[in-house]
Amino acid sequence: MTANDPFARLPEAASFTVTSTTVADGAAWPPEQFSSGIPGGKDVSPQLSWSGAPDGTKSYAVTVYDPDAPTGSGFWHWAVADIPATVTELPEGAGDDSGSGLPDGAFQLPNDARVARFIGAAPPAGHGPHRYFVVVHALDVESIGVPADATPAFLGFSMAGHTLGRAVLIATAETPA
């Protein structure tokens, strides 16, 4: 695990709260949130609830990012854009192939595996613990204006000037050698 903070070089943003019935901040992902390529993994997105977003929030985006992946650029596991400001929760499993648990208007972008859904943790065996930044971004626009086939990195670039606040929960995962 490294000290890499994916938000260290981004503009400051207000903090608000995100919680999950699936995983506590700092705790390990349950087996269901691992990739289906890992024994017991099911690629089930976590339940998320958030509160205290800054005034002026017009929409949200949700991202799940592993900065510890051995790629040189981390690994994006999930990205959801254009969540209406009236929504403050996503049910567990919302990030399935169809996005069945997402609110109207919200959509999933292809992750680094190039599938538009949540893909679970899959740290290489023996690589050590990985951190998964589960982030709800409060935005000052109703639509961030990215195409549905955009990358999560492009979503992040597009959000940089529109982010009012961030709610961060960090989960962990490790695959023994």
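Note that the structure is a prediction, hence the values are computed from the model and not measured.

Caption draft 1: Highlighting the overall build of the chain. Check the secondary structure of the chain and you find 1 helix and 9 strands. The linear arrangement of helices and strands in the chain, starting from the amino end, is β-β-β-β-β-β-β-β-α-β. Its C-alpha atoms give the chain a radius of gyration of 15 Å, near enough to 16 Å, the size a compact globule of 177 residues would have. Dimensions of the chain, computed from the C-alpha atoms along their principal axes, are close to 45 × 35 × 30 Å.

Caption draft 2: Region of the structure containing the pattern of salt bridges. The tally for this structure, following the rule as stated, stands at 2 salt bridges. When the shortest N-O distance is used, the salt bridge between Asp68 and Arg131 registers 2.8 Å. Note that Asp68 is positioned in the loop between β4 (59–66) and β5 (75–84) and Arg131 in strand β8 (residues 130–139), a separation of 63 residues in sequence. Accessibility assignment for this pair places Asp68 and Arg131 in one class, buried. For Asp97, the salt bridge is made with Arg117, and the minimal N-O distance between the two is 2.7 Å. Of the two residues, Asp97 is situated in the loop between β6 (89–90) and β7 (107–108) and Arg117 in the loop between β7 and β8; the sequence distance between them amounts to 20 residues.

Caption draft 3: Quick peek at the layout of surface pockets. Looking at the largest pocket, its volume works out to about 300 Å³. In terms of lining, the largest pocket is formed by 18 residues, of which the most central are Pro6, Phe7, Leu10, Trp76 and Gly156. For the lining of the largest pocket, the secondary-structure elements that each account for two or more residues are β4, β8, α1 (152–159) and β9 (163–173). It is α1 that provides the largest number of residues to the lining of the largest pocket, a total of 4 residues. Of the residues in the lining of the largest pocket, the class split is 12 nonpolar, 5 polar and 1 charged.

Caption draft 4: Spotlight on the sheet that holds strand β3 (residues 48–51). Ordered by their spatial adjacency, 3 strands build an open sheet running β2-β3-β6, and the pairing between neighbours is antiparallel. One side of each edge strand has no neighbouring strand; the edge strands of this open sheet are β2 (17–19) and β6. Here 3 bridges tie β2 to β3, and the two strands are oriented antiparallel to one another. What sits directly across from Thr19, in β3, is Ser49.

The rules behind these values
- Residues numbered from 1 in each chain as written.
- Predicted model: local features only at pLDDT ≥ 70, side-chain atom pairs only at ≥ 80, totals over all residues.
- Heavy atoms only, no water.
- Helix = DSSP H or I, 4+ residues; strand = E, 2+ residues; numbered from the N terminus.
- Rg over C-alpha atoms; globule rule 2.2 N^0.38 Å.
- Salt bridge = Lys/Arg side-chain N within 4 Å of Asp/Glu carboxyl O.
- Buried < 20%, exposed > 50% of the residue type's maximum accessible area, 1.4 Å probe, protein only.
- 1 Å grid on protein atoms, 1.4 Å probe; cavity = no way out; pocket = protein on both sides within 12 Å on 5 of 7 lines; lining within 4 Å.
- Points joined across faces, edges and corners; volume = space filled by probe spheres on them.
- Nonpolar A, V, L, I, M, F, W, Y, C, P; charged D, E, K, R; others polar.
- Pairing = 2+ DSSP bridges.

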